[in-house]
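# Coordinate inspection notes
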Amino acid sequence: MAGIKALVGLSFTGAIGLTFLLLGCALEQYGVYWPLFVLIFYILSPIPTFISRRVSDDTDSSSNACRELAYFLTTGIVVSSFGLPIVLARNTTIQWGACGLVMTGNAVIFLTILGFFVVFGGGDDFSWEQW
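Residues numbered from 1 in each chain as written. Predicted model: local features only at pLDDT ≥ 70, side-chain atom pairs only at ≥ 80, totals over all residues. Heavy atoms only, no water.

## Considerations on helix α3 (residues 47–55)
Within α3, the full set of buried residues consists of P48, T49 and S52. Relative to the axis of α3, the buried residues are bounded by an arc of 95° and lie together on one face. (Buried < 20%, exposed > 50% of the residue type's maximum accessible area, 1.4 Å probe, protein only. Helix = DSSP H or I, 4+ residues; strand = E, 2+ residues; numbered from the N terminus. Arc of directions from axis to C-beta.)

## Re the packing of α3 against helix α4 (residues 65–90)
One can describe the packing of α3 onto α4 by two numbers: an axis separation of 8 Å at closest approach and a directional angle of 175°. Comparing the axis directions of α3 and α4 gives the class roughly antiparallel. Contact residues: α3 offers P48, T49, S52 and V55, while α4 offers C66, R67, A70, L73, T74 and I77. Tallied by class, residues from the contact of α3 with α4 come to six nonpolar, three polar and one charged. (Axes fitted to C-alpha atoms, helices over the stretch in contact; angles between N-to-C directions. Parallel < 35°, antiparallel > 145°, perpendicular 65-115°, else oblique. Contact = heavy atoms within 4.5 Å. Nonpolar A, V, L, I, M, F, W, Y, C, P; charged D, E, K, R; others polar.)

## Points about unusual backbone geometry
For T92, which is not glycine, the phi torsion reads 55° and is therefore positive. Position of T92 relative to the elements: it lies in the loop between α4 and α5 (96–120). When its relative accessible area of 67% is taken as the criterion, T92 is described as exposed.

## Observations regarding the layout of surface pockets
Taken as a whole, the second largest pocket holds about 280 Å³ of empty space. Lining the second largest pocket we find 13 residues, and of these G14, Y42, I109, T112 and I113 sit closest to its centre. It is helix α1 (residues 2–26) that provides the largest number of residues to the lining of the second largest pocket, a total of five residues. Partitioned by chemical class, the residues of the lining of the second largest pocket number 10 nonpolar, three polar and no charged. (1 Å grid on protein atoms, 1.4 Å probe; cavity = no way out; pocket = protein on both sides within 12 Å on 5 of 7 lines; lining within 4 Å. Points joined across faces, edges and corners; volume = space filled by probe spheres on them.)

## Details of the environment of V87
Mapped onto the fold, V87 is located in helix α4. Overall, V87 belongs to the exposed group, its relative accessible area being 53%. Between the C-alpha atoms of V87 and C99, which are 12 residues apart in sequence, the distance is 9.3 Å.

## Details of the confidence of the model for the protein
Here the protein shows a mean pLDDT of 87. Residues at 70 or above account for 85%. Summarising per-element confidence for the protein, the mean pLDDT is lowest in α3 (87) and highest in helix α2 (residues 38–44) (95). (pLDDT = per-residue confidence, 0-100.)

Given below as structure tokens:
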């Protein structure tokens, strides 16, 4: 039952994050949909971690090169996701208020993705594969 509650909570926070993103695009005073390109970063961010968990062996070593590379690539994707609205606002493609809403949505979505890995990444009692 704890897995269901976690899944519902993650769904709710993901919906809140997407709401912030869409508000940054669709409010009448902003009205520009360029910030929706951060959705690409939302899709790309968990992929290196999924690949490294599938490829790497579970040894007791303190450092794993594949996993470290996945963390590095994921960090680059997340930083790019926060940088894109700033570049768009600095270039006056979007307004600064839209940039703030998009960055708030970014924070909520990436915390949701982190929560997904914390809750379903351990593989103790349940895993994300059963859903």
